[in-house]
Amino acid sequence: MLASIYIYNEYRGYTSLDRVLEAVRARCPDEAEFIAAVEKHRADERKHYLMFKRWFERQGRMPLKVDRTCGHIDRFIEGVFGCTIEELDTAAIIADGDQFEQLCRVIMLTEQRGMRQVDVLLENRHVKSDPVMSKIFRIVEKDEPDHWLPYFHWLTRQGRVTAKWRERWTDYWIHKSLMLAKLPAIFVNRANPRLDVWPDQDATVYAAG
Ligand SMILES: [Fe+2]
Ligand SMILES: [Fe+2]
């Protein structure tokens, strides 16, 4: 179950970052370093996705079908922007500095959350009992600081507050509700279907049904 949720979030991460990258290239065309950092972030999330995919392939099973209510970033975007990731208007974010900064903060907070979560998971006994899974999380742990620092540095350079209390609060509540309500519900629901195709082969698998 844990791996199913991770694979969803990694997939969501790298596909959404394509659009972030589009916004960053348009808004900060002269900041080659920032663009390169976001490119690396995208490449890392895809690498993480592929590691979890291989883990499932070794098990001979497909991930459970989870939906966007399990995605921290999905819920965060919905909380802050009032729409789904698909509905996010890339052109409007490019045109509006405040929205662009807000997006950077949401990514930063999500990734900081992710980093703390990985530290917790590395101590988890189920993770520890699976050497391949432990190795995956150690690689994720190593990559994670690069996923929020670029946005943090960029926001700091702009002299902008790095996070508003309301955004931190939203982040905290999403985390709590995922941990205490959403995840146990999936765990209990043994009938939860599995994916029949990989999302990188068919982008609609998580959306359909
Ligand atoms: Fe990741
Ligand atoms: Fe990440």
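As the structure is a computational prediction, the values presented were derived from the model and not from experiment. (Residues numbered from 1 in each chain as written. Chains lettered and ligands numbered in written order. Predicted model: local features only at pLDDT ≥ 70, side-chain atom pairs only at ≥ 80, totals over all residues. Heavy atoms only, no water.)

So, about the overall build of the chain. A count of helical and extended segments in the chain gives nine helices and zero strands. Mapped in sequence order, the helices and strands of the chain form the string α-α-α-α-α-α-α-α-α. Here the chain has a C-alpha radius of gyration of 17 Å; the compact-globule value for 209 residues is 17 Å, and the two agree. For the C-alpha atoms alone, the extent of the chain along its principal axes is close to 45 × 35 × 35 Å. (Helix = DSSP H or I, 4+ residues; strand = E, 2+ residues; numbered from the N terminus. Rg over C-alpha atoms; globule rule 2.2 N^0.38 Å.)

With respect to the secondary-structure elements, His-175 resides in helix H9 (residues 165–188). Residue contacts for His-175: discarding those within four places in its chain leaves His-72, Arg-113 and Gln-117. (Contact = heavy atoms within 4.5 Å.)

What follows covers the layout of surface pockets. Volume-wise, the second largest pocket comes out at about 260 Å³. Around the second largest pocket, the lining is made up of 13 residues, and of these Arg-12, Glu-86, Ala-203, Tyr-206 and Ala-207 lie nearest the centre. Of the residues belonging to the lining of the second largest pocket, the class tally is six nonpolar, two polar and five charged. (1 Å grid on protein atoms, 1.4 Å probe; cavity = no way out; pocket = protein on both sides within 12 Å on 5 of 7 lines; lining within 4 Å. Points joined across faces, edges and corners; volume = space filled by probe spheres on them. Nonpolar A, V, L, I, M, F, W, Y, C, P; charged D, E, K, R; others polar.)

Turning our eyes to something else, we now look at the packing of aromatic side chains. Aromatic ring pairs: the centre-centre distance and the angle between the two ring planes describe each pair. Tallied over the entire structure, the rule returns 16 aromatic pairs. When the ring of Tyr-6 is compared with that of Phe-137, the centres are 5.0 Å apart and the planes differ by 85°; the resulting orientation is edge-to-face. In this pair, Tyr-6 is assigned in helix H1 (residues 2–27) and Phe-137 in helix H7 (residues 131–143), connecting sequence segments 131 residues apart. Using a relative accessible area of 0% as the deciding quantity, one classes Phe-137 as buried. An angle of 45° between the planes, with centres 6.1 Å apart, marks the rings of Tyr-11 and Tyr-206 as tilted. You can see Tyr-11 sitting in helix H1 and its partner Tyr-206 sitting in the segment after H9, a full 195 residues away along the chain. (Phe/Tyr/Trp six-rings, centres within 6.5 Å; stacked < 30°, edge-to-face > 60°. Buried < 20%, exposed > 50% of the residue type's maximum accessible area, 1.4 Å probe, protein only.)

Bound to the iron ion (ligand 1) are the protein donor atoms Glu-10 (OE), Glu-45 (OE) and His-48 (ND1), situated 2.0 to 2.3 Å from the metal. All donors of the iron ion (ligand 1) belong to a single chain; written as a sequence motif, their spacing is E-x34-E-x2-H. Separating the iron ion (ligand 1) and the iron ion (ligand 2) is a distance of 3.4 Å, and Glu-45 donates to both of them. A residue pair is termed long-range when its members are at least 10 positions apart, and Glu-10 in helix H1 and His-48 in helix H2 (residues 32–59) qualify at 38 residues. (Donors = N, O, S within 2.8 Å, 3.2 Å for Na, K, Ca; no water.)

Okay, helix H3 (residues 72–81) next. Counted residue by residue, H3 has seven buried out of ten residues, so it is predominantly covered. Within H3, the full set of buried residues consists of His-72, Ile-73, Asp-74, Phe-76, Ile-77, Val-80 and Phe-81. Looking at the packing, one finds that the buried side of H3 touches H1, helix H5 (97–122) and H9. Count one or two residues on from H3 and you reach Gly-82, which has phi positive near 70°.

All right, on to the pattern of salt bridges then. Inspection of every chain in the model, using the stated rule, returns 14 salt bridges. Across the pair Asp-74 and Arg-12 runs a salt bridge, and its minimum N-O distance is 2.9 Å. Of this pair, Asp-74 sits in helix H3 while Arg-12 is found in helix H1, placing the two residues 62 residues apart along the sequence. The exposure classification of Asp-74 matches that of Arg-12, with both residues buried. The partner of Asp-18 in a salt bridge is Arg-42, and the shortest N-O contact between them spans 2.7 Å. Here the residue Asp-18 occupies a position in helix H1, and Arg-42 occupies one in helix H2, the gap between them amounting to 24 residues. Overlapping salt bridges, with partners in common, bring together Arg-12, Asp-74 and Glu-86 in one network. (Salt bridge = Lys/Arg side-chain N within 4 Å of Asp/Glu carboxyl O.)

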